[in-house]
Amino acid sequence: VPNLLTRKMLLFLDKPYWTNTELRRKFGISRATVSRHMTWLRQLGWVIHTGSRRWNGRYILTDKGKEMMGLK
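Described in the following lines is the structure provided in the data block. (Residues numbered from 1 in each chain as written. Predicted model: local features only at pLDDT ≥ 70, side-chain atom pairs only at ≥ 80, totals over all residues. Heavy atoms only, no water.)

### Considering helix α1 (residues 3-11)
Along α1, the residues that are buried comprise Leu5, Lys8, Met9 and Leu11. Relative to the axis of α1, the buried residues are bounded by an arc of 150 degrees and lie together on one face. Looking at the packing, one finds that the buried side of α1 touches β1 (17-18), α2 (20-27), α3 (31-43), β2 (47-50), β3 (58-61) and α4 (63-69). (Buried < 20%, exposed > 50% of the residue type's maximum accessible area, 1.4 Å probe, protein only. Helix = DSSP H or I, 4+ residues; strand = E, 2+ residues; numbered from the N terminus. Arc of directions from axis to C-beta. Contact = heavy atoms within 4.5 Å.)

Pasting the structure below:
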């Protein structure tokens, strides 16, 4: 897992969900980069996306993601 993805996962220790906009601002990266990275994390089964894809969607840790982070 690339370093930036690992840092994104660590954010879930501070807050239970993150939006695309919040992640873009936090890391200074584009919307496309956030989407690409979060797609990788979804494919690993570590996060899910809930809500609208365009407006109010949030990324949330799955049970598998919580286990990986040592939260469960």
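### Brief notes about the environment of Gly51
Assignment of secondary structure puts Gly51 in the loop between β2 and β3. With a relative accessible area of 61%, Gly51 lands in the exposed category. Between the C-alpha atoms of Gly51 and Asn3, which are 48 residues apart in sequence, the distance is 27 Å.

### Remarks on the pattern of salt bridges
Any two side chains of opposite charge can pair if their charged atoms end up close together. Using the criterion set out here, one finds 1 salt bridge in the structure. As a salt-bridge pair, Lys15 and Glu22 come within 2.5 Å of each other at their nearest N and O atoms. (Salt bridge = Lys/Arg side-chain N within 4 Å of Asp/Glu carboxyl O.)

### Observations concerning α3
An α-helix turns once per 3.6 residues; consequently, residues spaced three or four apart project the same way. The end-to-end C-alpha distance of α3, which contains 13 residues, comes to 18 Å, matching closely the 18 Å that a straight helix rising 1.5 Å per residue would cover. Within the sequence span of α3, burial applies to Thr33, Val34, His37, Met38 and Leu41. Projected down its long axis, α3 shows its buried positions confined to an angular sector of 120 degrees, all on one face. Buried residues belonging to α3 abut α1, α2, β2 and β3. Positive backbone phi, at 85 degrees, marks Gly45, one or two positions downstream of α3. (Expected span 1.5 Å × (residues − 1).)

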